[in-house]
Amino acid sequence: NMKRVWKYQFTELEQSFEIPSGATCLYVSRDVQGPAMWFLCDTDASKQQRQFKIFATGQPIPPEFNLYIGTVIYRNDFAGIEMGVSVGHIFERGN
């Protein structure tokens, strides 16, 4: 099976992405558009909806977001928020 690294770009603080089954997150960072995640994906695998949310330091994290993905420092104007710098902790909603 062919594998590729695919990028998933956040445009909102909470967002769902269609990601191939079994894909694993390799890296989280920011680019000019804001926070992003890079996944190692099997291009032949069926896709599934996966939900992610970015939480600020000190913000309560609901129990359903129980899979930690990574932490990223970013300019928070990407989601229509005022300019500034934030530290975001990306969690995935577990099954």
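Refer to the structure printed above.
Worth saying up front: this structure is predicted, and the values here are computed from it rather than measured.

### Observations concerning the overall build of the protein
Line of reasoning, step 1. Scanning the protein from terminus to terminus reveals 0 helices and 7 strands.
Line of reasoning, step 2. Shown N-terminal to C-terminal, the secondary structure of the protein runs as helices and strands in the order β-β-β-β-β-β-β.
Line of reasoning, step 3. Within the protein, buried positions represent 36% of all 95 residues.
Line of reasoning, step 4. Residue pairs in contact within the protein that sit at least 24 positions apart in sequence constitute 63% of those at least 6 positions apart.
Line of reasoning, step 5. Total accessible area computed for the protein in this model is approximately 5700 Å², and 51% of it derives from carbon and sulfur atoms.

### A few points about the pattern of salt bridges
Line of reasoning, step 1. Evaluation of the coordinates by the stated rule reveals 3 salt bridges.
Line of reasoning, step 2. Linking Lys 7 and Asp 31 is a salt bridge whose minimum nitrogen-to-oxygen distance equals 2.2 Å. Taken together, the positions of Lys 7 in strand β1 (residues 3-9) and Asp 31 in strand β3 (residues 24-31) put the pair 24 residues apart, joining distant regions of the chain.
Line of reasoning, step 3. Owing to a relative accessible area of 24%, Asp 31 belongs among the partly exposed residues under this scheme.
Line of reasoning, step 4. A salt bridge links Arg 50 to Glu 92; its shortest N-O distance comes to 2.7 Å.

### Looking at the side chain of His 89
Line of reasoning, step 1. Examined against the element boundaries, His 89 turns out to sit in strand β7 (residues 85-92).
Line of reasoning, step 2. Within the structure, the side chain of His 89 is placed 2.7 Å from the side chain of Thr 57, a separation counted as a polar contact.
Line of reasoning, step 3. Within polar-contact distance, the side chain of His 89 engages the side chain of Thr 71 at 2.9 Å.
Line of reasoning, step 4. Ignoring sequence-local partners within four residues, the contact set of His 89 consists of Lys 53, Ile 54, Phe 55, Ala 56, Thr 57, Gly 70 and Thr 71.

### Section: the sheet that holds strand β4 (residues 34-42)
Line of reasoning, step 1. Read across the sheet, 3 strands follow the order β1-β4-β3 without closing on themselves; strand pairing throughout is antiparallel. In this open sheet, the two edge strands, each paired with only one partner strand, are β1 and β3. Each neighbouring strand pair of the sheet contributes to a mean axis angle of 25°, computed without reference to strand direction.
Line of reasoning, step 2. Of the pairings in the sheet, the one linking β1 to β4 comprises 7 bridges and is antiparallel in character. Its bridge partner lying in β4, Val 5 is registered against Leu 40.

Calculation rules
Residues numbered from 1 in each chain as written. Predicted model: local features only at pLDDT ≥ 70, side-chain atom pairs only at ≥ 80, totals over all residues. Heavy atoms only, no water. Helix = DSSP H or I, 4+ residues; strand = E, 2+ residues; numbered from the N terminus. Buried < 20%, exposed > 50% of the residue type's maximum accessible area, 1.4 Å probe, protein only. Contact = heavy atoms within 4.5 Å. Areas by Shrake-Rupley, 256 points an atom, 1.4 Å probe, with all protein chains shown as cover. Salt bridge = Lys/Arg side-chain N within 4 Å of Asp/Glu carboxyl O. Polar contact = N/O pair within 3.5 Å; in protein donor to acceptor, adjacent residues only side chain to side chain. Pairing = 2+ DSSP bridges. Axes fitted to C-alpha atoms, helices over the stretch in contact; angles between N-to-C directions.

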